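# Descriptive analysis of the structure
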Amino acid sequence: MHKVIFDTDPGVDDAMALLFLHHHPQIDLLGITTVFGNATIETTTRNALYLKREWKIDAPVVRGAGETFLPNRVSHEPPKYIHGDDGLGNIGVPDDVGIHADPRLAHRFIIEAIKADPGEVTLVAVGRMTNLALALREAPEIAKLVKQVVIMGGAFEVNGNVTPAAEANIHGDPEAADVVFTADWPVVVVGLDVTMQTVMTNGQLADIRDAAGSSRARLLFDLSQFYIQFYQSRVPDGMVVHDSCACVYVVAPELFETRKGTIRVVCGGIADGQTIQKPDGRGFGPSEWDNLPSQTICTGIDAPAVLKLIHDAIVSVKED
Ligand code: BDR
Ligand code: CA
């Protein structure tokens, strides 16, 4: 069993990833921590609570950061044209969903959960890395106690998706991401190199809806339609399942090819948020990549197998 804290900014592809985690038999979801990104922190937290309510998820929703790790940094507007005004594809999420977030702060929840179960907790972070960086700053000892950190973010051998250099989750808080990558804990980075290859067609999403036959899967289908329209100009048909790829890594790492090396994030300038790895074993002159922990990036993916795994997990629970 994998004990997982899901750090997220729902977000359409975040929603699919959450349903995957909720339904996968080898995942024990300890908590859902929210961060700003696809929408404001108020909206991503409200959306997480809405999904918790609609999908009957036991894990608490814990509100996290609403601004960057460095408070005075230039901040970027939520991409409403991708995830909708409400962050969930304009399906009309009510302002008040009738249930409330856990009173703790997300980064404290993360610290407490890791300390309570040394060596057992996996962090899966699919939004900006702010909550993780805050947790490390407050309690650096958690680095030695966490099982692993799997993140969706970054772009190594491919372009970014916000700028030619940077991917959205990293671009939204580059300093936080640099803290996370350079800390002495095991990080696996599932970036655009592999997620852009992992496209679920609308037909496959409809198959999930029909095979599951549940209101959960219908909601997932409905909230994804706006996002699919956005991606029409970028992929032939369907949705890029960025965040689900990171969740699949937790249960099926064998579906990914990886490369080890230290990672730094460009902070500032025209390449703000760019992720660069120094592959282990490659010779360079002295650089800012030296004497740091080696982390893992994903360089290849068996996309059909990943999509099948997502399908199978979601349809495995049929009742509402
Ligand atoms: C990432 O940015 C967000 O829009 C998505 O939810 C995903 O986590 C992709 O770059
Ligand atoms: Ca996300």
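The structure contained in this document is the topic of the report that follows. (Residues numbered from 1 in each chain as written. Chains lettered and ligands numbered in written order. Predicted model: local features only at pLDDT ≥ 70, side-chain atom pairs only at ≥ 80, totals over all residues. Heavy atoms only, no water.)

Right, let's get into the overall build of the chain. Check the secondary structure of the chain and you find twelve helices and eleven strands. Against the compact-globule benchmark of 20 Å for 320 residues, the chain has a radius of gyration of 18 Å, which places it among compact chains. Judged by the C-alpha coordinates and their principal axes, the chain covers about 55 × 45 × 40 Å. Per-residue burial over the chain gives 59% buried out of 320 residues. Expressed as a percentage of contacts within the chain between residues at least 6 apart in sequence, the contacts between residues at least 24 apart total 80%. (Helix = DSSP H or I, 4+ residues; strand = E, 2+ residues; numbered from the N terminus. Rg over C-alpha atoms; globule rule 2.2 N^0.38 Å. Buried < 20%, exposed > 50% of the residue type's maximum accessible area, 1.4 Å probe, protein only. Contact = heavy atoms within 4.5 Å.)

Coordination sphere of the calcium ion (ligand 2), protein contribution only: Asp9 (OD), Asp14 (OD), Asp14 (OD), Val126 (O) and Asp243 (OD), at 2.4 to 2.7 Å. Mapped onto the polypeptide sequence, the residues donating to the calcium ion (ligand 2) form the spacing pattern D-x4-D-x111-V-x116-D. Considered together, Asp9 and Asp14 belong to a single accessibility category, that of buried residues. (Donors = N, O, S within 2.8 Å, 3.2 Å for Na, K, Ca; no water.)

Before going further, it helps to spend a moment on the sheet that holds strand E5 (residues 148-152). A sheet is described by the order of its strands in space; here nine strands give the open sequence E3-E2-E1-E4-E5-E6-E11-E9-E10, paired in mixed fashion. The strands lining the two open edges of the sheet, one partner per strand, are strand E3 (61-62) and strand E10 (275-279). Of the strand pairs in this sheet, strand E1 (residues 2-8) and strand E4 (residues 121-125) are connected by five bridges, and their pairing is parallel. Looking at E4, one finds that Phe6 is bridged to Val124. Together, strand E2 (27-34) and E3 form the strand contacts of helix H2 (residues 41-55), whose direction differs from that of E2 by roughly 150 degrees. (Pairing = 2+ DSSP bridges. Axes fitted to C-alpha atoms, helices over the stretch in contact; angles between N-to-C directions.)

This brings us to the site of ligand 1. Around ligand 1 lies a shell formed by Asp13, Asp14, Asn38, His83, Val126, Met152, Asn161, Glu167, Ala168, Asn169, His242 and Asp243. Between ligand 1 and Asn38, the relevant distance is 2.7 Å, taken from an oxygen atom to a side-chain nitrogen or oxygen of the residue. Here Asn161 contributes a side-chain N or O atom positioned 2.8 Å from an oxygen atom of ligand 1. For ligand 1, whose accessible area on its own is 280 Å², the fraction buried by protein is 96%. Elements that contribute at least two residues to the shell around ligand 1 include exactly helix H1 (12-23), helix H6 (168-171) and helix H11 (242-251). Tallied by class, residues from the shell around ligand 1 come to three nonpolar, five polar and four charged. (Near = heavy atom within 4 Å. Polar contact = N/O pair within 3.5 Å; in protein donor to acceptor, adjacent residues only side chain to side chain. Areas by Shrake-Rupley, 256 points an atom, 1.4 Å probe, with all protein chains shown as cover. Nonpolar A, V, L, I, M, F, W, Y, C, P; charged D, E, K, R; others polar.)

By the element assignment, Arg73 lies in the loop between E3 and helix H3 (80-83). At 2.4 Å, the side chain of Arg73 forms a polar contact with the side chain of Glu175. Only 2.8 Å separates the side chain of Arg73 from the side chain of Asp272, close enough to count as a polar contact. Other than its neighbours up to four places away in sequence, Arg73 contacts Thr68, Pro174, Glu175, Cys267, Gly268 and Asp272.

Pairs may arise between side chains of opposite charge once their charged atoms sit close together. Under the counting rule described, the total for this entry stands at 17 salt bridges. Of the charged contacts, one joins Glu157 and Arg259 as a salt bridge, the two residues approaching to 3.2 Å between their closest N and O atoms. Here Glu157 is found in the loop between E5 and H6, whereas its partner Arg259 is found in strand E9 (residues 256-265), with 102 residues between them in sequence. Across the pair Asp290 and Lys278 runs a salt bridge whose closest N-O atoms are separated by 2.8 Å. Of the two residues, Asp290 is situated in the loop between E10 and strand E11 (295-301) and Lys278 in strand E10; the sequence distance between them amounts to twelve residues. Among the charged side chains, a network of salt bridges with common partners joins Arg73, Glu175 and Asp272. (Salt bridge = Lys/Arg side-chain N within 4 Å of Asp/Glu carboxyl O.)

Between Pro10 and the following residue, Gly11, the backbone shows a cis peptide bond with an omega angle of -10 degrees. Looking at the secondary structure, you find Gly11 in the loop between E1 and H1. Here the phi dihedral of Asn90 falls at roughly 55 degrees; this positive angle occurs in a residue that is not glycine. Positive phi is not limited to glycine here, since Asn291 has a value of about 60 degrees.

Let's shift gears to the packing of H1 against H11. Running from N to C, H1 and H11 cross one another at 25 degrees; their axes reach a closest spacing of 6 Å. In terms of axis orientation, H1 runs roughly parallel to H11. On H11, the residues touching Asp13, Asp14, Met16, Ala17, Phe20 and Leu21 of H1 are His242, Asp243, Ser244, Cys247, Val248 and Val251. Among the residues making up the contact of H1 with H11, the classes are represented as seven nonpolar, two polar and three charged. (Parallel < 35°, antiparallel > 145°, perpendicular 65-115°, else oblique.)

All quantities given are derived from atomic positions and should not be read as evidence of function.
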